[in-house]
Amino acid sequence: MLVQIKEIADKLLPRLIEIRRHIHSHPELSGQEYQTAAYVAGVLSSCGIHVQENVGKTGVVGNLRGNGTDERILAIRTDMDALPIEERTSLDFASCKPGVMHACGHDVHTTVGLGTAMVLSQLAEQSPGNIRFIFQPAEEIAQGASWMVQDGAIRDVDAIFGLHVFPSIQARSVGIRYGALTAAADDLEIFIQGESGHGARPHEAIDAIWIASQVITTLQQAISRTQNPLRPIVLTIGQINGGRAANVIADQVRMAGTVRSLHPETHSNLPQWIEDIVANVCNTYQAKYQVNYRRRVPSVQNDLQLTQILESASREALGTENVEILPEPSLGSEDFSLFLEHAPGAMFRLGVGFPEQENYPLHHPQFEVDESAILTGVVTLAYATYKYWQNNH
Ligand code: NI
């Protein structure tokens, strides 16, 4: 099967590069992937795949039936949106839209999803079960996965695979990670309400700025003293506003920040833990408070069995020297985790780094990918699906 997959994928490569360059030069922002979605739907239909459009706003779903000997549905998820960044590469297929760029490699993800669909549609007779291709919008604003879940994209799915490009891994290689791959990321907003007063008469006022400073300090210290250090938390207050004049005690402060964590239990306890600390500090100094904690995305926790399938598929397909077991997760976030609340899944990192030139990081205006990675992604995913059917529940 691997030989067949490689043969088909090799022949498709020029077409896939064409697809990727088309998508790259026509980037669309999160939630506005109209042309990309229509383009994806067109390519899927042309390989005889049943397509549903507008699943989760601009999302696209393709269903490929197998030969019926396995009833399970395996999903493959890729994302389609670009970023509000002005491209500064000198590629002749650079973005034709000012201020919008595929700087996170989602053009490559979409192409790999389409390439895998093209390969597997040619092998449907030999494929026991059903594949659902999920092309997700709005990953960069962490909303697209939730839109698609609401519209039923993950319904009846038994397992799901995903990928993300990674410039610090060389092209033709992949990175596999067991357990946590990315962090949970939540939004935090804290209001402190004190009482205004003369800057020279603090005892007649309740100083919201000073109390806010106590809240921040207590939160940061409490992480190191009350939380398990093996279950990391990063709490960043990135915004703080309050006060009207240098000699007037501030009655109001608003703070906003991001909270990252890796362990699911830590993640579920964080809102209450933060609220308790804010309450204790504010009660001590007679301030009123409000904590708005908004859960955005949980951590991506790769399923053990499905990660083993990705590992063995990529070792066979790419050569074992081209498979890196990643020792550390990232504290970045990825809304693939919202699909994982409904089905077990695993996500791998696709190397896109050039061997002998500087590789810019994701979200950089000069970010580029080594396009040979497209073939690596397609072969790995297509072969992993066969490994999945062989693996009996
Ligand atoms: Ni991304």
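Okay, so let's go over this structure. Keep in mind that this is a model prediction, so the values were computed, not measured. (Residues numbered from 1 in each chain as written. Predicted model: local features only at pLDDT ≥ 70, side-chain atom pairs only at ≥ 80, totals over all residues. Heavy atoms only, no water.)

1. Brief notes about the layout of surface pockets
The criterion, for reference: The distinction between a cavity and a pocket rests on a 1 Å grid over the protein atoms alone: a 1.4 Å probe fits inside a cavity but cannot get out, while a pocket stays open yet meets protein on both sides within 12 Å along at least five of seven lines, and a residue with an atom within 4 Å of a point counts as lining. Grid points are joined across faces, edges and corners, and a volume is the space filled by probe spheres set on the points. Secondary structure counts use DSSP, requiring at least four H or I residues in a row for a helix and at least two E residues in a row for a strand, with both numbered from the N terminus. Residue type decides the class: Asp, Glu, Lys and Arg count as charged, Ala, Val, Leu, Ile, Met, Phe, Trp, Tyr, Cys and Pro as nonpolar, and the leftover types, Gly among them, as polar. The split into domains, and so the bounds of each, comes from an automatic or database assignment of domains.
Roughly 410 Å³ of volume is contained in the largest pocket. Among the secondary structure elements, those contributing two or more residues to the lining of the largest pocket are strand E5 (159-170), strand E7 (179-182), strand E8 (184-193), strand E12 (252-261), strand E13 (288-297) and strand E16 (345-353). Residue composition of the lining of the largest pocket, grouped by class: ten nonpolar, seven polar and nine charged. Formed jointly, the lining of the largest pocket draws a minimum of three residues from each of two domains, domain 1 (2-182 + 299-391) and domain 2 (184-297). Size it by volume and the second largest pocket reaches roughly 180 Å³. Lining the second largest pocket are Lys6, Asp10, Arg172, Ala317, Leu318, Ser372, Leu375, Thr376 and Val379. Contributions of two or more residues to the lining of the second largest pocket are made by helix H1 (2-25), helix H7 (304-318) and helix H9 (372-390). Each residue belonging to the lining of the second largest pocket can be placed in one class, and the counts come to four nonpolar, two polar and three charged.

2. Brief notes about the pattern of salt bridges
What counts is decided by this rule: By salt bridge we mean one thing: a side-chain nitrogen of Lys or Arg within 4 Å of a carboxyl oxygen of Asp or Glu. Note on classification: 1.4 Å probe, protein chains only; a residue is buried when its accessible area is under 20% of the maximum for its type, exposed when over 50%, partly exposed between these limits.
In the structure shown here, the tally under the stated rule is 16 salt bridges. We note a salt bridge from Arg244 to Asp251, for which the minimum N-O separation is 3.1 Å. For Arg244, a relative accessible area of 65% translates into the label exposed. Linked through salt bridges whose partners overlap, the residues forming this network are Arg20, Arg21, Asp107 and Glu371.

3. Side note on the pairing of strand E2 (residues 60-64)
Note the threshold: Strands are treated as partners if at least two bridges between them are detected by DSSP.
For E2, the buried fraction is high: four of the five residues fall into the buried class. Relative to strand E4 (residues 130-136), E2 runs antiparallel, the two being bridged by five bridges. Its bridge partner lying in E4, Leu64 is registered against Ile131.

4. Quick word on the sheet that holds E4
Quick reminder of the rule: Lines are fitted to the C-alpha atoms to define the axes, a helix being fitted only along its stretch in contact, and any angle between axes, read from their N-to-C directions, falls within 0 to 180 degrees.
If you walk across this open sheet you meet the eight strands as E1-E2-E4-E3-E5-E16-E6-E15, and the pairing is mixed. The open sheet has two free edges, formed respectively by strand E1 (50-53) and strand E15 (323-325), since each of these has just one partner strand. Within the sheet, the average angular offset between the axes of one strand and its neighbour, ignoring direction, is 25°.

5. Observations regarding the coordination of the nickel ion
Selection criterion: Only nitrogen, oxygen and sulfur atoms within 2.8 Å of the metal, or 3.2 Å for Na, K and Ca, are treated as donors, and water is left out, so sites may look incomplete.
The nickel ion binds to the protein through Cys104 (SG), His106 (NE2) and His164 (NE2); the donor distances cover 2.1 to 2.3 Å. Sequence spacing of the donor residues for the nickel ion, all on one chain, is C-x1-H-x57-H. You can call Cys104 buried: its relative accessible area is 6%.

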